[in-house]
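# Results of the structural survey
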Amino acid sequence: MMFNKVYGAWTWLGQQLLPLRCLLCGAPGADGLDLCAACHAGLPWNDAACPLCALPLPDGECTARCGACLRAPPRQHGAAATFLYAAPVDGLLRRFKFHHDLAAGRLLSTLMLQRVPAFVDGPLLPVPLHRQRLRARGYDQALELARPLARTLDLPVWQGMQRTRLTAPQSDLDAEARRRNLRDAFAVTRPAPARSILVDDVMTTGATLDAAVRALHRGGSTHVRLWVCARVP
Ligand SMILES: [Zn+2]
Ligand SMILES: [Zn+2]
């Protein structure tokens, strides 16, 4: 017990004293980040995007939503992706998700806080991992992103949703197979908040998030919005 306290204090002290280092190039960090000013300037921000699906809009276009969302509005009431899934964010996300690089995850959530979407005003819901995958990885990347966001924004994290099916990796499947793969992949275990914000690391086709939104609607939600770190264009 005592050892844990001392060790915890020591780790905390180490974090305060260690100089910030850019996780991308090793140069000194800037503005309190593990990222240097030059690498920060090269980040692929996704600032001009469709407010419903977060896909980037063509240059100079000022339409309220993209053509696809005009033709068939998605289930969610809004979506924002801080970045496009492009270098160097894609590499940071892979380090975070597949190589236990939790410092990369902390940096990404800090960067997400530099572009907080206006709709973020309710509980944050990290998209859950299946228990078996959580055991294999040791941490849940959506929860690791959501926790510091919730702490900074003073919002609750709601974890009443479970991944009930261990789905095949989505990247191996075409669009129709993705939808089949995700049928009933999520279940809500207690009444879902009316308004909530789903948080995830990457939005690819949106099929996984759509399945989560559907489960939340079944659980009583009326307004679900998505906040992801990166959108695959
Ligand atoms: Zn750098
Ligand atoms: Zn759209």
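Before reading further, recall that the structure is shown in the block above.
Rules used throughout
Within any chain, residue numbers begin from 1 and follow the written order of that chain's sequence. By the order in which they are written, chains take letters starting at A while ligands take numbers starting at 1. Thresholds applied to this predicted model are a pLDDT of at least 70 for local features of residues and 80 or more for the giving and counting of side-chain atom pairs; totals over whole chains, interfaces and linings are not thresholded and use all residues. Just so you know, side-chain values use all the structure's heavy atoms and leave hydrogens and water out. A 1.4 Å probe rolled over the protein chains alone gives each residue an accessible area, and that area as a share of the maximum for its type sets the label: buried under 20%, exposed over 50%, partly exposed in between. Segments assigned H or I by DSSP are reported as helices when at least four residues long, segments assigned E as strands when at least two residues long, and all are numbered from the N terminus. To obtain the arc, one takes the directions from the helix axis to the C-beta atoms. Contacts: residue pairs with any heavy atoms within 4.5 Å of one another. Counted as donors are N, O and S atoms no farther than 2.8 Å from the metal, or 3.2 Å for Na, K and Ca; water is not among the atoms, and sites may therefore look incomplete. Irregular is the label for any site that misses the other tests, which are tetrahedral for four donors with all angles between 85 and 135 degrees, and square planar for four donors or octahedral for six when opposite donors exceed 155 degrees and the remaining angles lie between 65 and 115.

Another aspect to go through is helix α8 (residues 175–182). Three or more residues of α8 are buried, namely Ala177, Arg178, Asn181 and Leu182. The buried residues of α8 all sit within an arc of 130° when viewed along its axis, so they share a single face. On the buried face of α8, the contacting elements are β3 (161–163) and α9 (207–218). Of the residues flanking the end of α8, it is Asp184, one or two places downstream, whose phi is positive at about 55°.

Let us now look at the coordination of the zinc ion (ligand 2). Within the first shell, the zinc ion (ligand 2) binds the protein through Cys50 (SG), Cys53 (SG), Cys66 (SG) and Cys69 (SG), at distances of 2.3 Å. Between the four donor atoms coordinating the zinc ion (ligand 2), the angles at the centre fall across 107 to 115°, so the site counts as tetrahedral. Written as a sequence motif, the donor arrangement for the zinc ion (ligand 2) is C-x2-C-x12-C-x2-C. Overall, the relative accessible area of 10% leaves Cys66 in the buried class.

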